[in-house]
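# Coordinates in review
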Amino acid sequence: MAKPLVGIIMGSSSDWETMQHAAAQLEALGVPFEKRVVSAHRTPKLMVSYAESAERRGLKLIIAGAGGAAHLPGMTASLTTLPVLGVPVESKALQGLDSLLSIAQMPGGVPVATFAIGKAGAINAALFAASLLAQSDAKTKRAWQDFRTAQTKKVLKTKLP
């Protein structure tokens, strides 16, 4: 089993419904990853140790999904110099708008790349992760290029009624 290059973390197990799409996309591209529930509110010491050890453990970036107050991506970014990709998870109260704004409104100096709410955001975070990794990893670059080529061919083959 290959050493994980990407960490997928989420604030609670219910976020897996969204974050599984990031995992599936990375798997399809052959990018090794790990996945874990790491709550900024319920397990803050775990969050600190996870973020602080990520680079040492060989991770190249972290995809962090969170709903509601959505502190996990920003807090993780504050504890590591690795890129953090934030995925807003749809919340019941505000349909994920609260999550999106919490992740996107990071103060200057602590960047978090922020994606769309829900499934599309999780998929695009994984694709963005692959595009970043492709800059220095030949295997990922081939997988990324193959994905882009296949996507283009699919669109070009589309026939409308």
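Look up: the structure comes first, before these words.
Residues numbered from 1 in each chain as written. Predicted model: local features only at pLDDT ≥ 70, side-chain atom pairs only at ≥ 80, totals over all residues. Heavy atoms only, no water.

## Comments concerning the packing of aromatic side chains
- According to the stated counting rule, one finds 2 aromatic pairs in the structure shown.
- Their ring planes at 10° and their centres at 6.0 Å tell us that Trp 144 and Phe 147 sit as a pair that is stacked. One end of the pair, Trp 144, and the other, Phe 147, are both in helix α6 (residues 138-156), 3 residues apart, so they sit about a helical turn from each other.
- The partly exposed category is assigned to Phe 147, whose relative accessible area is 22%.
- Between the NZ or CZ atom of Arg 57 and the centre of the ring of Tyr 50, over which it lies, the distance is 4.7 Å. (Phe/Tyr/Trp six-rings, centres within 6.5 Å; stacked < 30°, edge-to-face > 60°. Helix = DSSP H or I, 4+ residues; strand = E, 2+ residues; numbered from the N terminus. Buried < 20%, exposed > 50% of the residue type's maximum accessible area, 1.4 Å probe, protein only. Lys NZ or Arg CZ within 6 Å of the ring centre and 35° of its normal.)

## Points about the pairing of strand β3 (residues 61-66)
- Burial analysis of β3 places 6 of its 6 residues in the buried class, which makes it a mostly covered element.
- Burial of the side chains of β3 extends over both faces: Leu 61, Ile 63 and Gly 65 are buried on one face and Ile 62, Ala 64 and Ala 66 on the other.
- Relative to β3, strand β1 (residues 6-10) is paired through 5 bridges, and the arrangement is parallel. Of the residues in β3, the one forming a bridge with Gly 7 is Ile 62. (Pairing = 2+ DSSP bridges.)

## Comments concerning the pattern of salt bridges
- Inspection of every chain in the model, using the stated rule, returns 1 salt bridge.
- Among the salt bridges present, the one from Glu 34 reaches Arg 57, with a minimum N-O distance of 2.9 Å. With Glu 34 in strand β2 (residues 33-37) and Arg 57 in the loop between α2 (44-53) and β3, this pair connects stretches of sequence that are 23 residues apart.
- The exposure class assigned to Arg 57 is partly exposed, which follows from its relative accessible area of 30%. (Salt bridge = Lys/Arg side-chain N within 4 Å of Asp/Glu carboxyl O.)

## Some thoughts on the side chain of Ser 91
- Looking at the secondary structure, you find Ser 91 in the loop between β4 (84-88) and α4 (97-104).
- By relative accessible area, which is 13% here, Ser 91 ends up buried.
- A distance of 3.1 Å separates a polar atom in the side chain of Ser 91 from the backbone nitrogen of Gly 96.
- When sequence neighbours within four positions are dropped, the list of residues in contact with Ser 91 reads Gly 68, Gly 96, Asp 98 and Ser 99. (Polar contact = N/O pair within 3.5 Å; in protein donor to acceptor, adjacent residues only side chain to side chain. Contact = heavy atoms within 4.5 Å.)

## What to know about the sheet that holds β4
- With parallel pairing, 5 strands are arranged side by side in an open sheet as β2-β1-β3-β4-β5. Where the open sheet ends on each side, the last strands, each with one partner, are β2 and β5 (113-114).
- The sheet contact formed by β3 and β4 spans 5 bridges and is parallel. Directly across from Ala 64, in β4, lies its bridge partner Gly 86.
- Packing against the sheet, helix α1 (residues 16-29) makes contact with β1, β2, β3 and β4, and its axis sits at approximately 170° to β1. (Axes fitted to C-alpha atoms, helices over the stretch in contact; angles between N-to-C directions.)

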